[in-house]
Amino acid sequence: MMEEKIRMPFIASVITILILISFGLCAGGEKYPTGTINNVCLFGPGSAPDMFNRVFSKQLEKHVGVPVVTLNKAGGGGTVGISFLVSSRPDGYTVGLATLENMIVPTITEGKPPFALSDLSIIGQIVTSYNVLVVAADAPWKTFQEFVDYARKNPGVKYGCPGIRSTLYMRMETLSRNANLKLIGVPFDGRAEIEAAVLGKHIPMGLMDLAGARGLEAAGKMRILFIFESPAQAGIDPKTPCLATAMDKSVQEKDIDISQILLVNSKTSDEIKQALNRTLEKISKDPEFHAEAKKMEVMVNPIDGETVMQKKLPSRLEQVRAFYKEMGWLK
Amino acid sequence: MELISGVLFGFKVALQPWNLLYCFIGVCIGTLIGVLPGIGPVGAMSILLPMTFGLSPATAIIMLAGIFYGAMYGGSTTSIMVNIPGEPSSVITCLDGYQMARKGRLGPALGISALGSFIGGTFSLIGLIFLVFILAQVALKFGPPEYFSLICVSMTLLIYLAKGSASKALIMILIGLMLGSVGIDKITGIARFDFGSSYLLDGIDFIPLAMGLFGISEVLMNLEETEERTIFQSKLRNLLPNVEDWKKSIGPILRGTVIGFFSGVLPGGGPVTATFISYTIEKKISSNPGQFGQGAIEGVAGPETANNAATGGSFVPVLALGIPPNVIMAFLLGALILHGVTPGPLLVSQHPQVFWGIIASMYIGNCMLLLLNLPLIGFWVKLLKIPYRILMPMIVLFCIIGSYGINNSLVDILMMTLFGVAGYILRKLDYEPAPLIVAYILGPMLEKSFRQSLVIADGRLSIFVERPISAVTLAISALILISAGISYFRKSKLKSREGGERRPG
Amino acid sequence: MKRFHLLPLVFWLGLGLFVLVHSYQLGLMAFNNPGPGLMPFILGLLLSLVSLYLILVSFLKKKQTDETVRGEPKKGLYGRIGVIVGALVAYAFLMEKLGFLIATTFLLIALFKGAGSKKWRAVVITSVLVSVITYFAFTHLRLRLPAGILKF
């Protein structure tokens, strides 16, 4: 028989232990996912990546059945967000959306790399943005070829770009150099300023994603001179010159596209990675997602994670590194 | 006339019960967000974006826009009550608004702020309706060289901002400009003053800087007082502005509307530069400029009206061209796109209910906010009567939640504390934080426009005077500088004869 | 009195010189256009010159009428400031590890005490209550606050 004094605490401890055990069993036995997933966004609220993150999170939520919350961790052009992803628990409850460049750049610049590429696993590529070159409606160049000839003869034509460290600038510079266009980029703080500058004739052309250009183009105030991706898929005049039609193979191969990929901590279990992979496949076939993507002016362009990691990533790494070296941004 | 029929149509849309409801929800949430320092309108709008997915585009934008104006109204509340600016456009309101609160004039300060905002909003709406397309074309003529010259004007006005010693204000301006240059240089991509820290790569963020320099430093300064105090130093007087207040405010309000509306049209500063220009102009033309900084009601009426008028003005490029002049408008446009509406010059013809509905709901939103905020004044006054030793930790907590809730960065809290201590030391030594923070906001804009212009002009400095708008604006700033210099010179000659302290002209 | 007010001026001078040197290293010109270092260089130069001027002036002037005089700090003031600042710094480092609830409770306790509340029991109870209420209120509004070591 137990003494009165120790009976209550004894019962309490037994009950506590039982509860803890049952928690442990629960945690072990349930299938992933059972709780909220955090989707890290590398930029602040209101930005284009943030909007995409929210739309995608909604889709993800639909297919996995648990809440998916956008978590903004802005800073350092993606460094803060990815560092957070790498340091969070590899239990599949923290994922992130980024471009390959967001991953690569922090590892090659600014002193000690905050993380290594091997810390990340790519589940898969999801969408690709459409990027266009626009001019004011009454610009002198009626065709892209006219412009190319003009640019080659008159080096130093200015184009507005959304910031000198942006992937878009890298893309245009790559094109300009490979096609010998001798263009000079003028950095602006975002698409709105570029549009205003082009419309106001302060610069002859602007580089931006299609989403912004659409409205002004439809109203006839701006013309899309060139699109990097396929015009038919983008829903604009199929005769618009694009990389495939206006540039030769060597230029096309070196192009840097801007695509969003889904990332997790590489230490995450294979089981969870595969679950996410399957979900991603389902999403890319979901017509609702296609409709949302169309509204956001991005192309659903799924590529399996393994392929991205084996093929796209290494060649992109080389390109980015070479570009940064030229610009003097490598430490 | 087409415009009138459009406006009437807009009201028909905006007054539909559904839209009225969502407008109300929007302004309520916006006010709450505005009062909570740290979470700006953009943060609140992003969190609520998914809520709008099932709604019609007009309704969604009406609600989101309501959050925007609500946050503007709410932001002034915290600036006045506890000297914490939640948004760059609320900084100037802190200067005299908080002083009025300390003198027991919290009610009139909040009241004139709400009324001024309402008048500013209404008049800018009228301006919007009649001038939207013309103004948009005019605004397009402003390119990087013109922006540079405009900001030059603002910078020269900085001289008038200071209350006390001119040399100390100058040092604060220089420090503010330096703080603004921390981070990746936008033109060459090279990092400045980051010392290897990835946090500093993006520069020093406004929220930790402002909350620290104004809010936390105020908290530390108040610790010196006896423990039983409240924020009110003097006895509480009337709850609403009296006739005297009105007489003094009517001028600033009218001027603020004009200044605000036109400032809002141009991309870049918008509401921020509007408040700043309004304040300095009111101070310059006032019959007793010495009152500014001690609780002059003109220093609240003008800027508050200006910043609300600027929100109206910032709709001009959005509705006419689909070009957002600031990040909040950019978000609204993104939301429109998500709802399948393509913003641009065709908006008025393709989606008239969205176009006119937004305009009409602006007015309705402003009305709702006025009706919401005036009765709330009594509540705020009661709140501030709580002893400071209980109030203070709550204020700090809300600052932290506000800042963390959006950026999820604890380094921000560290920075806020650092700037709080720095602000405390500076204020003890009679250095004012206001010129610092305005310089910090304007500096990067100035440098960016300058260097962008030079890239466009291939290095030719003459571009700034070749272009007519830019040349005229530069001439104005030169005139302001010269006039300030002359009056300073005259005053110091006078003072050195009498002996004693120096003040800027 | 004179010496005390020289201190910030010396600090500004040092800062100005530091910025001057650092920005020179960043590069003053880049392809005929101003480089990233140009504006900070000018700022550092101006700051150094202004502070130098003010230091010299204060040595030459006999009377110091510019500075306001502040009284003696109240007893324990710096201690209370230390508590508050220290608590905030600790919070910034530990909040994500300990979780919002625990860290905020401790922060609030420090803040209440720093502001001058005397009764320990009331302070602790209020701190816990406020932390819990705000945590659930904001989580309900879909604002993410870390759970830290109390994972649930």
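Note that the structure is a prediction, hence the values are computed from the model and not measured. (Residues numbered from 1 in each chain as written. Chains lettered and ligands numbered in written order. Predicted model: local features only at pLDDT ≥ 70, side-chain atom pairs only at ≥ 80, totals over all residues. Heavy atoms only, no water.)

Remarks on the overall build of chain A
The helix and strand inventory of chain A stands at 14 helices and 11 strands. Considering chain A as a whole, with its 331 residues, one finds that 56% of them fall into the buried category. Residue pairs at least 24 apart in sequence account for 75% of intrachain contacts in chain A once pairs closer than 6 positions are excluded. Carbon and sulfur atoms make up 58% of the accessible area of chain A, which totals about 14500 Å². On chain A, the mean spot of the 38 positive side-chain charges and the mean spot of the 35 negative ones are 2 Å from each other. (Helix = DSSP H or I, 4+ residues; strand = E, 2+ residues; numbered from the N terminus. Buried < 20%, exposed > 50% of the residue type's maximum accessible area, 1.4 Å probe, protein only. Contact = heavy atoms within 4.5 Å. Areas by Shrake-Rupley, 256 points an atom, 1.4 Å probe, with all protein chains shown as cover. Lys, Arg positive; Asp, Glu negative; His and termini not counted. Charge placed at Lys NZ, Arg CZ, Asp CG, Glu CD.)

What to know about the overall build of chain C
Summing up its helical and strand segments, chain C has five helices and two strands in all. When the helices and strands of chain C are read in sequence order from the N terminus, they spell out α-β-β-α-α-α-α. Of the contacts made within chain C by residues no fewer than 6 positions apart, 55% connect residues no fewer than 24 positions apart. For chain C, the accessible surface area stands at approximately 9200 Å², while carbon and sulfur atoms represent 73% of it.

Let's talk about the side chain of A:Gln260
Mapping A:Gln260 onto the fold places it in strand β10 (residues 259-265). Among residues more than four places away in sequence, those in contact with A:Gln260 are A:Phe52, A:Leu97, A:Ala98, A:Thr99, A:Gly124, A:Gln125, A:Ile126 and A:Val127.

Considerations on the interface of chain A and chain B
At the interface, 44 residues of chain A touch 50 residues of chain B. Inspection of the region where chain A meets chain B yields three salt bridges. Taking the shortest distance from any N to any O, the salt bridge between B:Lys448 and A:Glu193 comes out at 3.1 Å. Here chain A is connected to chain B by nine residue pairs in polar contact (both at pLDDT 80 or more). (Salt bridge = Lys/Arg side-chain N within 4 Å of Asp/Glu carboxyl O. Polar contact = N/O pair within 3.5 Å; in protein donor to acceptor, adjacent residues only side chain to side chain.)

Considering the environment of A:Ala213
Residues and elements named next belong to chain A. By secondary structure assignment, the location of alanine 213 is in helix α8 (residues 210-218). Given a relative accessible area of 0%, alanine 213 falls into the buried group. Excluding residues that lie within four positions of it along the chain, alanine 213 makes contacts with Val132, Val134, Glu195, Met208 and Met222.

Quick notes on the interface of chain B and chain C
On the chain C side, the residues contacting the 58 residues of chain B number 62 residues. The contact between chain B and chain C buries some 5300 Å² in all, and 76% of this surface belongs to carbon and sulfur atoms. On the surface where chain B and chain C come into contact, there are zero salt bridges. On inspection of chain B and its partner chain C, the count reaches two residue pairs in polar contact (both at pLDDT 80 or more). Contributing elements (two or more residues each) for the side of chain B that touches chain C: α8 (166-180), β2 (191-192), α9 (206-222), α17 (388-407), α18 (410-428) and α19 (433-456) of chain B. Sort the elements by how many residues they give to the side of chain B that touches chain C and α17(B) lands first, with 12 residues. Partitioned by chemical class, the residues of the side of chain B that touches chain C number 38 nonpolar, eight polar and 12 charged. (Buried area = accessible area lost by both parts, 1.4 Å probe. Nonpolar A, V, L, I, M, F, W, Y, C, P; charged D, E, K, R; others polar.)

What about the domain arrangement of chain A?
Residues and elements named next belong to chain A. According to the domain assignment, chain A consists of domain 1 (32-128 + 258-327) and domain 2 (131-227). Together, Ile258, Glu297 and Phe323 form the three largest contributors to the area buried by domain 1 at its contact with domain 2, with a combined 52%. The interface formed by domain 1 and domain 2 includes two salt bridges. Across the pair glutamate 297 and arginine 214 runs a salt bridge whose closest N-O atoms are separated by 2.7 Å. Remark: the boundary between domain 1 and domain 2 carries two residue pairs in polar contact (both at pLDDT 80 or more). The greatest single-element share of the side of domain 1 that touches domain 2, amounting to six residues, is contributed by helix α14 (residues 305-327). (Domains from an automatic or database assignment.)

Section: the sheet that holds β10(A)
Residue and element names in this part refer to chain A. In spatial order, the strands read β2-β1-β3-β10-β4-β11; together these six strands make up an open sheet with mixed pairing. Among the strands making up the open sheet, the edge pair consists of β2 (68-72) and β11 (298-304). If you compare each strand with its neighbour and ignore which way they point, the axes differ by 25° on average. In the sheet, strand β3 (residues 94-98) pairs with β10 via three bridges, with the strands oriented antiparallel. Along β10, the bridge assignment pairs glycine 96 with leucine 263. (Pairing = 2+ DSSP bridges. Axes fitted to C-alpha atoms, helices over the stretch in contact; angles between N-to-C directions.)

Section: the nonpolar core
General note: in soluble globular proteins, nonpolar side chains tend to be found buried as a group. Counting 257 residues, the largest nonpolar core has A:Phe56, B:Leu128 and B:Phe315 as its most contacted members. Residues from two domains meet in this core; each of domain 1 (32-128 + 258-327) and domain 2 (131-227) of chain A gives at least three. Setting aside residues no more than four positions away along its own chain, B:Phe315 makes contact with B:Ala65, B:Tyr69, B:Leu128, B:Met329, B:Leu332, B:Ile358 and B:Met362. Residues A:Leu42, A:Phe147, A:Tyr159 and A:Leu243 belong to the second largest nonpolar core, which totals 56 residues. (Core = buried A, V, L, I, M, F, W, Y, C linked by side-chain atoms within 4.5 Å.)

With respect to helix α4 (residues 57-82) of chain B
Residues and elements named next belong to chain B. Over its 26 residues, α4 extends 37 Å from the first C-alpha to the last, a length consistent with the 38 Å expected when each residue adds 1.5 Å. Burial of α4 is extensive: 25 of the 26 residues sit out of reach of the surface. Once α4 finishes, asparagine 83 follows within two positions and takes phi at roughly 65°, a positive value. (Expected span 1.5 Å × (residues − 1).)

Some remarks on the pairing of strand β6 (residues 158-161) of chain A
Residues and elements named next belong to chain A. What you see with β6 is no split at all: Lys158 and Gly160 on one side and Tyr159 and Cys161 on the other are buried throughout. Across four bridges, β6 lies against strand β7 (residues 184-187) in parallel orientation. Across the sheet, residue glycine 160 finds its bridge partner in β7, namely valine 186. Regarding topology, helix α6 (residues 167-178) serves as the crossover connection from β6 to the parallel β7, and that connection is right-handed. Pairing geometry for β6 and strand β8 (residues 205-209), over two bridges, is parallel. Directly across from glycine 160, in β8, lies its bridge partner glycine 206. (Right-handed = clockwise from strand over helix to strand, strands pointing away.)

As for the packing of helix α2 (residues 17-35) of chain B against α4(B)
Residues and elements named next belong to chain B. Between α2 and α4, whose axes approach to 6 Å, the crossing angle comes to 30°. The pairing of α2 with α4 is recorded here as roughly parallel in orientation. Both α2 and α4 take part in a crossing whose hand is right-handed. Taken together, the residues of α4 that come into contact with α2 (itself represented by Trp18, Asn19, Tyr22, Cys23, Ile25, Gly26, Val27, Gly30, Thr31, Gly34 and Val35) are Thr59, Ile62, Met63, Gly66, Ile67, Gly70, Ala71, Gly74, Gly75, Thr77 and Thr78. Residues that form the contact of α2 with α4 fall into these classes: 10 nonpolar, 12 polar and no charged. (Parallel < 35°, antiparallel > 145°, perpendicular 65-115°, else oblique. Left-handed = near helix turned anticlockwise from the far one by under 90°.)

Here we look at the packing of aromatic side chains
In the structure shown here, the tally under the stated rule is 28 aromatic pairs over all chains. A centroid spacing of 6.2 Å and a plane angle of 75° characterise the contact between B:Phe11 and B:Tyr363, whose relative ring orientation is edge-to-face. On the criterion of sequence distance, the pair formed by B:Phe11 in helix α1 (residues 2-14) and B:Tyr363 in helix α16 (residues 352-384) is long-range, its members being 352 residues apart. The exposure class assigned to B:Phe11 is partly exposed, which follows from its relative accessible area of 24%. The exposure class of B:Tyr363 is partly exposed, given its relative accessible area of 27%. Through pairs of rings, three or more aromatic residues link up here, namely A:Trp141, A:Phe144, A:Phe147, A:Tyr150, A:Phe226 and A:Phe228. The aromatic ring of B:Tyr431 is capped on one face by B:Lys168, whose charged end is 5.1 Å from the ring centroid. Between the NZ or CZ atom of C:Lys113 and the centre of the ring of C:Trp120, over which it lies, the distance is 4.6 Å. (Phe/Tyr/Trp six-rings, centres within 6.5 Å; stacked < 30°, edge-to-face > 60°. Lys NZ or Arg CZ within 6 Å of the ring centre and 35° of its normal.)

Details of α19(B)
Residues and elements named next belong to chain B. For α19, with 24 residues, the first-to-last C-alpha span of 35 Å sits near the 34 Å given by 1.5 Å per residue. At leucine 442, α19 shows its largest bend, some 30°, and a proline, proline 444, comes one to four positions later. Most of α19 is tucked away, with 21 of its 24 residues classed as buried. A positive backbone phi angle near 55° is found at aspartate 458, which sits one or two residues after α19. (Bend = angle between axes of the 7 residues up to and from the residue.)

Focus: the sheet that holds strand β9 (residues 222-227) of chain A
If you walk across this open sheet you meet the five strands as β7-β6-β8-β5-β9 (chain A), and the pairing is mixed. The outermost strands of the open sheet, each flanked by one partner alone, are β7 and β9 of chain A. Taken pair by pair, the neighbouring strands of this sheet meet at an average axis angle of 35°, ignoring direction. Strand direction decides the pairing type here: strand β5 (residues 131-136) of chain A and β8(A), joined by five bridges, are antiparallel. Across the sheet, residue A:Val132 finds its bridge partner in β8(A), namely A:Met208. Contacts from α8(A) reach β5, β8 and β9 of chain A, with the element oriented near 120° to β8(A). Packing against the sheet, α19(B) makes contact with β6 and β7 of chain A, and its axis sits at approximately 160° to β7(A).

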